[in-house]
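Fold and contact review
If you want the building blocks of each chain, they are given just below.
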Amino acid sequence: MNYLRLFVVLSFITVIGCGEQQKPSTEHWFKGNLHTHSYWSDGDEFPEVIMDWYKSHDYQFVALTDHNTLAEGDKWKVVSQDSLYQNGFKNYLDHYGSNWVNYKIDSLNQTHVKLKTYEEYKSLFEEREKFLIIQSEEITDHFQGKPLHMNATNIKKKIDPQGGNSVVEVLQNNIDEVIKQRDELEIPMIAHINHPNFGYAIGLQDMIALKNEKYFEVYNGHHMVNNSGDSTHMSTEKMWDLINIAYVEKNKPLMYGLATDDSHNYHVKGGKWSNAGRGWIVVRADSLSSKSLINAMETGDFYASTGVELSSLIVDEKKISIEVNQKAGVTYQITFIGCKKGKDIPEELTSTEGFKASFELTDDLLFVRCKITSSKLHENPVEDLLYETAWTQPVLVTMSK
Ligand SMILES: [Zn+2]
Ligand SMILES: [Zn+2]
C-alpha cells in the first residue's frame, strides 16, 4: 500500500457568494499510529527498533506514547535475562553499532542500556514528507483503581497526571492541562481518550460529561482493552454513537474515533500480546507535519482502519461518497450508521456490498458515519474483531438552506 499516493479531490467546490469554482486541490493521505510503547515505560523494545518497524511498514507518522514520560533525560534500561530480550539487545547492538548504543555490563552480568531520547532517535528516521515522529505522552492516571489514560499528541512539556475526585474530574483535569499547554505555546495538540473499556474504567456517562474532548479510541489493538465490551458493557463503537447523540443534543462538537496499536510487545506475536500493526489512522493533509495532520484531524478529515484502505472519501453538505481500494478476491460491506432526529439510539441506515457507495444527508438525520467491513481476515486480530475494517468520522447533518 502506498499511502503517499496523490489524492486528487474529485469534486469542485463552489465558492459561496461568487459562484466561481476553486481549483482542484491536491492532498495526501498519511498513515500513522498515535499510540505506541517502548522501553521508556512498559514496552519491550528500544525506540529505534520500533520506529524502524513503522517506517519500513509504510507508515508516515508515529507517536511514541510512553506512560508519563516524553522520552527525555537519562534513563537506563536493564535488559531482562530472558533469551528473547538478550537476543533483542544483541540485534539492536549489531544493527546500530557500539558508537550509537551506550551500554555497560555490571558485576552481576546484567546489561544496562541508556535509552535514546526523542531528540536523539527521531534524527535517525525523520525524512521530509516521508516520515514524521510526533512527540507524545500517555498521561496515565487513575481513580479508585480504575485506569484513566489519555494520549497527549504533539505536546512539548511533560504533563504529570493531575488526579481528581471522580473519573470525570481526573479525565477533565488532564484534558485541561493539554489545552492549557496548547494555548500557551500556540502549537496544535490533541488529547485523545484511550481504551475506555480497559478495566471498564470509563463509562458512557463519563464520556458524555467531558468538555472540549473530541477524540477517543474506537479501536485499540491491545489485547486487554475490551473494545467489543461484554454481556454487561457496550462496545466502544456503540458507545461512540451514543456519545455523539448526547453531544449533538448539548451542541458539542462530534466525537471522532481513532484506531491505534497501543503496542507493547515486539518479540512475540498473537492474540495474547499487544503487537504493532493492528490499527491506525489515515489523515488527509497538505503536508506531513504535526500542524497539518492535527489541523486535518480537527476537521474530521481522517479515518480509522485495521486494514481497509479508501481510495476516495468525499463529504459535502449533501452526501458522503466512499470508494474502497479493492484487494483481489475481497468483498466489502459498506454500512452507513447514524441517528435520526428525535431518536436516542443509533441505527444502520443502509448497508451494501461493493467497493463504492454514497449516502444522502437528509434533514431527518442528526449525524452519519460509515463503516466498511472487509471479507479479509485480519492477520493478527484481537477479541472477535476478526475482519479488516475502516471507520470514517461522523458527519453532522446541518439543516438545508
Ligand atoms: Zn493505556
Ligand atoms: Zn498505552
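The structure displayed is predicted, hence computed values, not measured ones.

Let's shift gears to the overall build of the protein. If you tally the helices and strands in the protein, you get seven helices and 21 strands. Relative to the 2.2 N^0.38 estimate, which gives 21 Å for 401 residues, the radius of gyration of the protein is 21 Å and therefore close to what a compact globule would have. Taking the principal axes of its C-alpha atoms as reference, the protein extends roughly 75 × 45 × 45 Å. Per-residue burial for the protein yields a buried fraction of 42% across its 401 residues. The long-range fraction of contacts in the protein, counting pairs at least 24 apart against all pairs at least 6 apart in sequence, stands at 64%.

By domain assignment, the protein separates into domain 1 (6–75 + 115–396) and domain 2 (76–114). Between domain 1 and domain 2, the contact holds 10 residues from the first and nine residues from the second. Residues belonging to the side of domain 1 that touches domain 2 are distributed by class as follows: four nonpolar, one polar and five charged.

Okay, the sheet that holds strand β18 (residues 356–360) next. Here three strands make up an open sheet; going across it, the order is β14-β15-β18 and the pairing antiparallel. Unpaired on one side and paired on the other, β14 (310–315) and β18 mark the two borders of the sheet. Neighbouring strand axes in the sheet, compared pairwise and without regard to direction, differ in orientation by 5° on average. Pairing of strand β15 (residues 319–324) with β18, which is carried by five bridges, proceeds in the antiparallel orientation. The residue bridging S321 from the neighbouring strand is S358, located in β18.

Our focus in this paragraph is helix α6 (residues 236–249). Under the 1.5 Å per step criterion, the end-to-end length of α6 is 20 Å for 14 residues, consistent within 8% with the ideal 20 Å. For α6, the set of buried residues is T236, E237, M239, W240, D241, I243, N244 and Y247. Looking at the buried residues of α6, the elements they touch are α5 (204–209), β10 (215–220), β11 (256–260), β16 (332–340) and β19 (365–377). Looking at the residues trailing α6, positive phi occurs at N251, about 60°.

With that settled, the discussion passes to the pairing of strand β8 (residues 146–153). A large share of β8 lies buried, amounting to six of its eight residues. Alignment of strand β7 (residues 132–143) against β8, held across eight bridges, turns out to be antiparallel. Among the inter-strand pairings, H142 is bridged to a residue of β8, identified as P147. Hairpin geometry of β7 and β8 is characterised by an intervening segment of two residues between the two adjacent antiparallel strands and by a positive phi of about 45° at Q144. As judged from the four bridges shared by β8 and strand β9 (residues 190–193), these two strands associate in the antiparallel manner. Bridge pairing links N151 to H192 in β9.

It is worth spelling out the packing of helix α1 (residues 47–56) against helix α3 (residues 118–125) at this point. One way to put it is that α1 packs onto α3 with a least axis distance of 10 Å and a crossing angle of 35°. The interaxial crossing formed by α1 with α3 has right-handed handedness. On α3, the residues that touch P47, E48, M51 and K55 of α1 are Y121, L124 and F125. A per-class count over the contact of α1 with α3 returns five nonpolar, no polar and two charged.

To continue, consider the nonpolar core. The biggest cluster of nonpolar side chains holds 90 residues, and the ones touching the most others in it are L171, I281, Y303, A304 and I322. Excluding residues within four positions of it along the chain, I322 makes contact with L310, L313, I334, K356, A357, S358, C370, I372 and T392.

Relative to the helices and strands, K272 is located in the loop between β11 and β12 (280–285). Given 11 C-beta atoms within a 10 Å radius, K272 is considered exposed. Separated by 49 residues in sequence, K272 and H223 place their C-alpha atoms 5.9 Å apart.

Here the focus is the sheet that holds strand β5 (residues 103–105). Sheet architecture is open: three strands sit in the order β4-β6-β5, paired in antiparallel fashion. Bordering the open sheet on either side are β4 (76–78) and β5, each of which pairs with just one other strand. Within this sheet the neighbouring strands show an average axis-to-axis angle of 20°, counted without direction. Across three bridges, the pairing between β4 and strand β6 (residues 111–114) is antiparallel. Pairing of K77 across the sheet is with V113, part of β6.

Rules and cut-offs
Residues numbered from 1 in each chain as written. Chains lettered and ligands numbered in written order. Predicted model: local features only at pLDDT ≥ 70, side-chain atom pairs only at ≥ 80, totals over all residues. Helix = DSSP H or I, 4+ residues; strand = E, 2+ residues; numbered from the N terminus. Rg over C-alpha atoms; globule rule 2.2 N^0.38 Å. Buried ≥ 20, exposed ≤ 12 C-beta atoms within 10 Å, placed from the backbone. Contact = placed C-beta atoms within 7 Å. Domains from an automatic or database assignment. Nonpolar A, V, L, I, M, F, W, Y, C, P; charged D, E, K, R; others polar. Pairing = 2+ DSSP bridges. Axes fitted to C-alpha atoms, helices over the stretch in contact; angles between N-to-C directions. Expected span 1.5 Å × (residues − 1). Left-handed = near helix turned anticlockwise from the far one by under 90°. Core = buried A, V, L, I, M, F, W, Y, C linked by C-beta atoms within 7 Å.

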